[in-house]
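Architecture and fold: a report
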Amino acid sequence: MSKSKANAIVTLLQGCNSLQRLKKIQAHVIINGLQHNPAISNKLVNFCAVSVSGCLSYAQLIFNQIQNPDTQSWNSIIRGFSLSPSPLQAILFYNQMLLSPSPSLSPPDTFTFSFTLKACERLRALNKCQELHGFVIRSGFEREVVVCTSLLRCYAANGLIEVARLVFDKMSERDLVSWNSIISCYSQANLHLQALEVYDRMRSENVSVDGFTLVGLLSSCAHVGALNLGVYLHGIACERGFFSNVYVGNALIDMYSKCGDLGAALSVFNGMKKRDVFTWNSMIVGNGVHGHGDEAIYFFKQMLMAGLKPNSITFLGLLCGCNHQGLVEEGVEYFHMMVSRFNLKPGIKHHGCLVDLYGRAGKLEKALQVIKTCQLSQDDPVMWRTLLGSSKIHRNVEIGEIAMKNLVRLGASSAGDFVLLATIYAAHKDAQGVARMRKSIKSQGFKTTAGWSWIEVGDQVHRFVVDDKSHPGTGMIYRKLEEVIHRANLVGYVKEESLVAMAGDCLEKSTMYHSEKLAIAFGLATTPEGTCLRIVKNLRVCRDCHSFTKFVSKAFNRDIIVRDRVRFHHFKNGICSCRDYW
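Residues numbered from 1 in each chain as written. Predicted model: local features only at pLDDT ≥ 70, side-chain atom pairs only at ≥ 80, totals over all residues. Heavy atoms only, no water.

Tallying each qualifying case throughout the model produces 18 aromatic pairs. Taking the centre distance of 4.8 Å and the plane angle of 70° together, the rings of F63 and W74 count as edge-to-face. With a gap of 11 residues between them, F63 in helix α4 (residues 56–64) and W74 in helix α5 (residues 71–82) connect regions that are remote in the sequence. An identical accessibility class is assigned to F63 and W74; each is buried. Ring pairs connect the aromatic residues F63, W74, F81 and F93, which therefore count as one cluster. We note R436 situated over the ring of Y425; from NZ or CZ to the ring centre the distance is 5.4 Å. (Phe/Tyr/Trp six-rings, centres within 6.5 Å; stacked < 30°, edge-to-face > 60°. Helix = DSSP H or I, 4+ residues; strand = E, 2+ residues; numbered from the N terminus. Buried < 20%, exposed > 50% of the residue type's maximum accessible area, 1.4 Å probe, protein only. Lys NZ or Arg CZ within 6 Å of the ring centre and 35° of its normal.)

Given below as structure tokens:
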């Protein structure tokens, strides 16, 4: 009779959908003396620990009443805590499991290792991960796909990407989750070219893709500007029915926006039957970084009409668009609207946009006031550097010196900062000020961030650094660059030496061969006439390269799109979309 009751209760637990109902069933369990029945106790713990309707603390209470928990119960409690705000508890339960009085009744299995490694991943617990890795091997689970996938994720979370790749390469068999995981690991570590190389290997091994694969790959395409590959992946999404997936649609919009093709981004947007806040944000931010403030505002208003509530990213895109288009009043209005209408607290980046907005418009005193009224801004070097840049544009010595003093106070001054202030002094014919800046640059031995540029040609992304000689086509590239410079000179390009002369050998040794110049030469040499060149750069484009690219677009009748650290520059027939106000 008790067996039939137990079976009936197990059936009830399988259909349970609320904690209140579970407690009623549990009362029957206790009344009938079945609380020590393994099948029932496993179901009770699993529901409370794993179900969205459960309660982890109640799961722990039930678990502690079990005399000899089996592996399934241990796994439920470990899994629950591994996904909770307290993942350390999962590791503590795992340790208890190994020290249990009857280890033979509850040996760790595939799920035990996987859930515990998830906790290690979230805690960045490298030592525990390595300990588990050793136990996995000793226990004979090193060939289990689920365990190995969890291991590589854990190593990647701890920054050991190469170790994660070794685990992946040693797997005797891999499922799609494994491939998606290694792509995600590379993408999250900003190793986007490596992520795309994994996809090349997937294709060579005839491994199919799913929506998760596409989202990960499209993210990497967006970062490196790999538009051609992104278009190819778009085709796969449509062909295999993934386009209806809102996450894939969002990733496509983001990819097209970051690769400089807003028209294609809009086409994807218009074709989506379901849109979420990320969909609208992608359009708002995309238009914002391209300097299309009016379009960003249009999509914001449409978003509100669609009944969606904006978030902080929405306003960041709006402010960015207003900033680059010079829409000062609108930008200030949206900054205040965050708090007054949507109860959103502006973050440091929102304040930075406001400082830049005022600064670009020449309202330097207001920009300075924004910094002074926000404690976070006062201790943020980016704020003062932004103000210094605006001071250079408007040749304001007083504000420039204030910005520089604060950068020095924060220990965040760089050679570029001293060059900016020196440029302001030079504009006022202050030779002593220029001399002081030159002396500071030489005496402090600054190290500059290495600049690089990516350009996609065909189905490959090529990377260049300043004075790069590592590319297989180096000879051809430099010969082409000499031709490009000559033709640019014929239509008005004059090399700007001011920054290099100011900094001497402390900055990049040559503006002649900055990375984007090499990328442009390579693109012109390897693509048909009329092809648009798309370049991604990690730093802000310098004044000389900006001027150079303008005249190259005119001399060769090419559209050139450059995405730098701040915004997009669309060069066409000798004119840039930023109106030389970059």
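Take the UniProt feature "repeat: PPR" (unreviewed entry) in the chain next. Within the UniProt annotation, "repeat: PPR" (unreviewed entry) is assigned to residues 175–209, 245–275 and 276–310. For residues 175–209, the helix share is 74%, the strand share is 0%, and the end-to-end C-alpha distance is 11 Å. (UniProt positions renumbered as here; feature names shortened; annotations may be inferred.)

A surface patch of nonpolar side chains, about 230 Å² in accessible area, is lined by L88, L92 and L123. As for its placement among the helices and strands, L123 is situated in helix α7 (residues 110–123). By relative accessible area, L123 is classed as partly exposed at 33%. (Patch = residues over 30% accessible without salt bridge, like charges linked within 9 Å, V, L, I, M, F, W, Y side chains within 5 Å. Areas by Shrake-Rupley, 256 points an atom, 1.4 Å probe, with all protein chains shown as cover. Salt bridge = Lys/Arg side-chain N within 4 Å of Asp/Glu carboxyl O.)

A few words now on helix α27 (residues 431–444). For α27, built from 14 residues, the straight-helix expectation of 20 Å at 1.5 Å per residue is met to within 8% by its first-to-last C-alpha distance of 20 Å. Among the residues of α27, G433, V434, M437, S440 and I441 are the ones counted as buried. Buried residues of α27 fall within an arc of 125° about the axis and therefore sit on the same side. Structural note: α27 exposes A431, Q432, K439, K442 and S443 on the side pointing more than 90 degrees away from its buried face. Sitting at the amino-terminal end of α27 is D430, which places a side-chain oxygen 3.3 Å from the backbone nitrogen of Q432. (Expected span 1.5 Å × (residues − 1). Arc of directions from axis to C-beta. Polar contact = N/O pair within 3.5 Å; in protein donor to acceptor, adjacent residues only side chain to side chain.)

This part covers the packing of helix α20 (residues 328–340) against helix α21 (residues 348–360). It is the contact of α20 with α21, at a shortest axis distance of 10 Å, that shows an interaxial angle of 160°. Considering the angle they form, α20 stands roughly antiparallel to α21. The two elements α20 and α21 meet at a crossing, and its hand is left-handed. Touching V328, G331, V332, F335 and M338 of α20 are H350, H351, L354, L357 and Y358, all from α21. (Axes fitted to C-alpha atoms, helices over the stretch in contact; angles between N-to-C directions. Parallel < 35°, antiparallel > 145°, perpendicular 65-115°, else oblique. Left-handed = near helix turned anticlockwise from the far one by under 90°. Contact = heavy atoms within 4.5 Å.)

Sheet strands associate in pairs through backbone hydrogen bonding, adopting either a parallel or an antiparallel arrangement. The six strands lie next to each other as β2-β1-β3-β4-β5-β6, forming an open sheet whose pairing is mixed. If you trace the sheet from one side to the other, it starts and ends with β2 (460–465) and β6 (575–576), each paired once. Bridge count for strand β1 (residues 452–457) against β2 is six bridges, and the pairing is antiparallel. When the sheet's bridge partners are listed, I455 is paired in β2 with H462. Docked against the sheet, helix α31 (residues 543–555) engages β4 (560–563), β5 (568–572) and β6, running at close to 35° with respect to β5. (Pairing = 2+ DSSP bridges.)

Quick look at the pairing of strand β3 (residues 533–537) now. Counting buried residues along β3, four of its five residues qualify, which places the element largely inside the surrounding structure. The pairing of β1 with β3 spans three bridges and is antiparallel. By the bridge assignment, I455 is partnered in β3 with I535. Bridge count for β3 against β4 is four bridges, and the pairing is parallel. Its bridge partner being in β4, V536 is matched across the sheet by R563. In this fold, β3 hands off to α31, which returns the chain to β4; that crossover is right-handed. (Right-handed = clockwise from strand over helix to strand, strands pointing away.)

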